[in-house]
Amino acid sequence: MKNLFICLFVVQLLCAQTPSQREPSGYTGGYLSQLQPSAKSLNFLLMGDFGRYGQFYQKEVATQMGKAAATLDSKFVITVGDNFYPNGVRSTQDYSWMASFESVYTDYSLQNDWYVTLGNHDYRGSLKAQIDYSNISRRWHLPSTYYKKMIELEDGNKLLLLVMDTSPFIDSYYKKGTDMYDNLIAQDTTAQKKWLIKELETKDDAVKWKIVVGHHPLYSGGKRKDSQETKSFENKFATIFDTYKVDAYFCGHEHDLQIIKPKNRYTTQFLSGAACEVRPSGTREGTLFWAEKAGFMTFSVTKDQLLAQVVDAEGNVIFKTNIDKKSKK
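As the structure is a computational prediction, the values presented were derived from the model and not from experiment.

A.B. asks: I tried to follow the sheet that holds strand β14 (residues 317–324) on my own but got confused; where do I start?
C.D. replies: Remark on secondary structure: sheet strands pair via backbone hydrogen bonds, oriented parallel or antiparallel. What the 7 strands build is an open sheet, ordered β4-β3-β2-β1-β12-β13-β14; its pairing is mixed. With one partner strand each, in any of the chains shown, β4 (140–141) and β14 form the two edges of the open sheet. Examined bridge by bridge, strand β12 (residues 295–301) and strand β13 (residues 305–312) share 7 bridges and lie antiparallel to one another. Paired with valine 301 across the bridge in β13 is leucine 306. Strand contacts of helix α2 (residues 58–72): β1 (42–47), β2 (76–79), β3 (113–115), β12 and β13, with the helix running at about 15° to β12, the strand carrying the most contacts.

A.B. asks: Please clarify how the sheet that holds strand β10 (residues 268–272) should be interpreted in this entry.
C.D. replies: Read from one edge of the open sheet, 7 strands run β5-β6-β7-β8-β10-β9-β11, paired in mixed fashion. At either margin of the open sheet sits one strand with a lone partner, and together these are β5 (147–152) and β11 (287–291). The sheet shows a mean angle of 15° between the axes of neighbouring strands, direction not considered. Bridge count between strand β6 (residues 158–163) and strand β7 (residues 207–213): 6 bridges; the pairing is parallel.

A.B. asks: When you look at unusual backbone geometry in this model, what are you seeing that I'm missing?
C.D. replies: Where the residue is not glycine, phi is negative for most of them; where a peptide bond is considered, it is trans in most cases. Backbone torsion omega between tyrosine 85 and proline 86 reads -5°, so that peptide bond is classified as cis. When you line up the elements, proline 86 lands in the loop between β2 and α3 (96–102). A positive phi angle, close to 50°, is found at lysine 40, a residue other than glycine. Mapped onto the fold, lysine 40 is located in the loop between α1 (2–16) and β1.

A.B. asks: Can you walk me through α2 in this structure?
C.D. replies: Given 3.6 residues per turn, any residue in an α-helix points the same way as the ones three and four places further on. Taking 1.5 Å as the rise per residue, α2 with 15 residues should run 21 Å; its terminal C-alpha atoms sit 21 Å apart, in good agreement. For α2, every residue scored as buried is listed here: Gln58, Val61, Ala62, Gln64, Met65, Gly66, Ala68, Ala69 and Leu72. Looking at the buried positions of α2, the neighbouring elements they touch are β1, β2, α3, β3, β12 and β13. Downstream of α2 by a residue or two, aspartate 73 has a phi angle that is positive, lying close to 55°.

A.B. asks: So what exactly am I meant to see when it comes to a nonpolar patch on the surface here?
C.D. replies: A contiguous nonpolar patch, built from Tyr53, Tyr95 and Met98 and spanning about 350 Å² of accessible area, is present on the exposed surface. Among the secondary structure elements, methionine 98 is positioned in helix α3.

A.B. asks: Sorry if this is basic, but what is going on with the packing of aromatic side chains here?
C.D. replies: Pairs of aromatic rings are described using the distance from one ring centre to the other and the angle between the two planes. Under the definition given, this model contains 27 aromatic pairs. On the numbers, 5.0 Å between centres and 75° between planes, the contact of phenylalanine 101 with tryptophan 140 is edge-to-face. Residue phenylalanine 101 is located in helix α3, and its partner tryptophan 140 is located in strand β4; the two are separated by 39 residues in the primary sequence. For the pair phenylalanine 101 and tryptophan 140, one class covers both residues: buried. Centre to centre, the rings of phenylalanine 250 and phenylalanine 299 are 4.7 Å apart; their planes meet at 35°, and the pair counts as tilted. Of this pair, phenylalanine 250 sits in strand β8 (residues 248–251) while phenylalanine 299 sits in strand β12, placing them 49 residues apart in sequence. Residue class for phenylalanine 250 comes out buried when judged on its relative accessible area of 0%.

A.B. asks: Looking at this model, I keep getting lost on the pattern of salt bridges. Mind explaining?
C.D. replies: Where charged atoms from two side chains of opposite charge approach closely, those side chains can pair. With the rule as written, the count across this model stands at 15 salt bridges. Linking aspartate 242 and arginine 265 is a salt bridge whose minimum nitrogen-to-oxygen distance equals 2.8 Å. Residue aspartate 242 is located in helix α7 (residues 228–243), and its partner arginine 265 is located in the loop between β9 (257–260) and β10; the two are separated by 23 residues in the primary sequence. Between arginine 284 and glutamate 285 there is a salt bridge, with its nearest N and O atoms 3.6 Å apart. Residue classification places arginine 284 among the partly exposed positions, given a relative accessible area of 23%. Salt bridges linked by common partners bring Arg224, Glu229 and Glu254 together as one network.

A.B. asks: Looking at this structure, how should I read the pairing of β8?
C.D. replies: Within a regular strand, the side chains alternate between the two sheet faces. Neither face of β8 is open: one carries Ala248 and Phe250, the other Tyr249 and Cys251, and all of them are buried. Bridge analysis of β7 against β8 gives 3 bridges, and the strand direction is parallel. Bridge pairing in β8 places isoleucine 211 opposite alanine 248.

A.B. asks: Where do I start with the state of the cysteines in this structure?
C.D. replies: A covalent bond bridging the sulfur atoms of two cysteines is what the word disulfide describes. This model, assessed by the stated rule, comprises 0 disulfides. Free cysteine cysteine 251: the closest other cysteine sulfur is in cysteine 276, separated by 18 Å.

What counts and how
- Residues numbered from 1 in each chain as written.
- Predicted model: local features only at pLDDT ≥ 70, side-chain atom pairs only at ≥ 80, totals over all residues.
- Heavy atoms only, no water.
- Pairing = 2+ DSSP bridges.
- Helix = DSSP H or I, 4+ residues; strand = E, 2+ residues; numbered from the N terminus.
- Contact = heavy atoms within 4.5 Å.
- Axes fitted to C-alpha atoms, helices over the stretch in contact; angles between N-to-C directions.
- Expected span 1.5 Å × (residues − 1).
- Buried < 20%, exposed > 50% of the residue type's maximum accessible area, 1.4 Å probe, protein only.
- Patch = residues over 30% accessible without salt bridge, like charges linked within 9 Å, V, L, I, M, F, W, Y side chains within 5 Å.
- Areas by Shrake-Rupley, 256 points an atom, 1.4 Å probe, with all protein chains shown as cover.
- Salt bridge = Lys/Arg side-chain N within 4 Å of Asp/Glu carboxyl O.
- Phe/Tyr/Trp six-rings, centres within 6.5 Å; stacked < 30°, edge-to-face > 60°.
- Disulfide = S-S within 2.5 Å.

Structure (C-alpha cells):
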C-alpha cells in the first residue's frame, strides 16, 4: 500500500509538471477564459510603471499579458510611463533594455506595436535613447516625447490616440541640480499644449473616440490623492479634456489600478500603474474601481462601445466597465 501511495504521488507530480496542452497550431501559451472580447472590436492592452529587471510582480504580470493578448488577438500595447526604474536608460545599449523589456515580455502575442509614454523616472535618464530605440526595436514606438497615432477600427472608423509628455507640467520637478532638470528645461510646455488642443479640435468625422495617454493622473484615491502635484495637473488639463470630449485618459504614476469618473466630468480616467510594484490605494469622489493589486487593463473598442477589463497578476478579471458612446451624445 505504501508503494502504491508513492507511485500515485509521483504520477501527480509528473502531471503537475506537464506543459500546457499543445494546440494543432503549436501554441502552448494559454488563454484567459474570463476575458470577453466584443464582436468585431479593436483590442489592446494598457500597462505602466513596469521596468524593474523582472522583479516585484513584473514577470507575473507579463505572463498574464501574453495570455490576454492571445485571448483578445490584441493589436498593440500602450505603456503609461516609468518604463525603466530607477533612472531610465543611458543609451540604446543599456542593459535595462534586455533586463526590463526584451527578456520579460517574450510571449509571441506581445511582439506587436508598443506605443510608449515617458514617465518621471524615464526623465532621470536619456530621453533620446528611448526615442532612438524606436529605430532598433520593431515593437517599441516613441517617435518623440509626445505624438499622435490615428488607429482604424474594424469598421473603418477611427480612434485618435494622443500620447502626452506630462513630466514637464509638474512644477515641483523644476529643481536645479536634480537628475531631471536638464531634460525638463529642454521641453516646451506651451508648444505641447497648443499641439494637444489642435489635435483634439479635429474635424474628421471618422474619429469616433478620443483617447489621451500620459503618465501623471488627473485624479487619484491612492498615495497622491491630496497632493498638490495631482491637483495642479487636474487644474491644467481636466477642463480641456472635457471641452474637447476626450473619452478616456490613460495614466499611471500611482502603483495601483483605478478607474475614476468624477461627477460632471466627461472624461473617464483609467489608471494602470501596477505592472510591477504595488502600493496601498483607496477611493475618492467618482471612483468606479480601485485595487491594491498588480495587473493591467484590456480594452475592446467598436464604433459605439469601449469595454475595459482589469486583469490581475493571477489572470483573474477583477472588474469590467463599458463606455457607451450613444449614451454620451
